[in-house]
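Architecture and fold: a report
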Amino acid sequence: MSEQEKDLQVAEEQDGSATVQLPEGEQSPQEPQNMSEGGSSDSEDSSDDGSDVDPERQAIRAARREERQLKKQLTKAKISESQHLINQLKRQNESMAERLAVLEKRTAGSDMARLDKAIEDSHLKLQFAKMEIKKATELADGEALANAQEQWYEARRQAEALEALKKKAVAGADGSSVPKAPDPRLKRLASDWMSRNDWYDPNGKDLDSRVTIKVDEALTEEGYDPTTEDYWDELDRRLTKYLPHRYNSSNDERSSSSTRRPRSVVTGSGRESSSSAGGSEFRLSPERVRAIKDSGRWDNMEERKKMIRKYMEYDRQNGTRG
């Protein structure tokens, strides 16, 4: 069985399901079973008395019930988490607006204090120049008088310029520093994107979220407008390159409507390849694919193959079709 497990090839489909290419010679439990020479199927020998006392089969059924309960819990948890992330984003925007207002007010107060000090210094220079003019006049010193008058004109020019700047700053502080409310288009698009990518943490507590934040900053610096669809499409396009494990065919339906990417087939070695011609196929439903991913076993090749084998064994025991 170890050689067969090495040859398992998994191809994710657009609807969230997956197709498993089985090694040549191995029959899928989803295909009709071969009839024995006596004309009866292989499964009939276990249904003579209608009872099922096989401990392994009971364990598989119990695991199946537990899986269904777990999927229901995960669905509820995801809905709750998505709403929590949306509320968190709203609170974060409000908090950023408040901090920006406080920072601008503090900066404006500091700038105004420095401006007042500069105006005061210019008036002192003006008074000093007047004293120098008076002194030069009393001494009948023409050269000193000319220098003093030049100093007076320069001090006066600086004082007038600074006072005009202060008036402009005071006039602009009446409403220009009040932060604007977040654009409703931005809130809607951001909420939609976060609901589709529930792995994203706005606080950047994991590596993937920090990469997303950096790409978001780069798009803003390049002039992309986050209130447009183009911004979020470009964000998805770039994250597909940097975070390919977050963008497979099951959660990239929006971008695939315009540009369909070829189906990727992941083999036991982790490399992409085309479907092999030999062997039969075993189809994993979207629910089973999601269950494997939610359990954290999808990216681990050995664990994923074990889960697929368990599903195949369950289908063989119960005669399940897909």
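Parameters and conventions
Residues numbered from 1 in each chain as written. Predicted model: local features only at pLDDT ≥ 70, side-chain atom pairs only at ≥ 80, totals over all residues. Heavy atoms only, no water. Helix = DSSP H or I, 4+ residues; strand = E, 2+ residues; numbered from the N terminus. Buried < 20%, exposed > 50% of the residue type's maximum accessible area, 1.4 Å probe, protein only. Contact = heavy atoms within 4.5 Å. Areas by Shrake-Rupley, 256 points an atom, 1.4 Å probe, with all protein chains shown as cover. Axes fitted to C-alpha atoms, helices over the stretch in contact; angles between N-to-C directions. Parallel < 35°, antiparallel > 145°, perpendicular 65-115°, else oblique. Left-handed = near helix turned anticlockwise from the far one by under 90°. Nonpolar A, V, L, I, M, F, W, Y, C, P; charged D, E, K, R; others polar. Core = buried A, V, L, I, M, F, W, Y, C linked by side-chain atoms within 4.5 Å.

1. What about the overall build of the chain?
A tally of helices and strands in the chain yields 9 helices and 4 strands. The linear arrangement of helices and strands in the chain, starting from the amino end, is α-β-β-α-α-α-α-α-α-β-β-α-α. Here the chain holds 322 residues, and the buried ones make up 29% of them. The contacts of the chain with a sequence gap of at least 6 include a subset with a gap of at least 24, amounting to 67%. About 21,100 Å² of surface is accessible on the chain, with carbon and sulfur atoms providing 51% of the total.

2. A look at the packing of helix α5 (residues 207-221) against helix α6 (residues 229-242)
Relative to each other, α5 and α6 sit at 135°, their axes nearing to 10 Å. Taken together, α5 and α6 sit at an angle that is classed as oblique. α5 and α6 meet at a crossing whose hand is right-handed. Two secondary-structure elements touch here, α5 through Val211, Thr212, Val215, Asp216, Leu219 and Thr220 and α6 through Tyr231, Glu234, Leu235, Arg238, Leu239 and Tyr242. In terms of residue class, the contact of α5 with α6 is made up of 7 nonpolar, 2 polar and 3 charged.

3. Focus on unusual backbone geometry
Its identity as a non-glycine residue notwithstanding, Ala140 has a phi of 55°, on the positive side. Turning to its location among the elements, Ala140 is positioned in the loop between α2 (55-139) and α3 (142-172). Owing to a relative accessible area of 68%, Ala140 belongs among the exposed residues under this scheme.

4. With respect to the nonpolar core
Counting 16 residues, the largest nonpolar core has Trp193, Met194, Trp232, Leu235 and Leu239 as the members making the most contacts within it. Elements with a contribution of two residues or more to this core: α2, α4 (184-196), α5 and α6. Setting aside residues up to four positions removed in sequence, Leu239 forms contacts with Trp193, Thr212, Val215, Pro244 and Tyr247. Residues Ala18, Val20, Tyr311 and Met312 belong to the second largest nonpolar core, which totals 15 residues.

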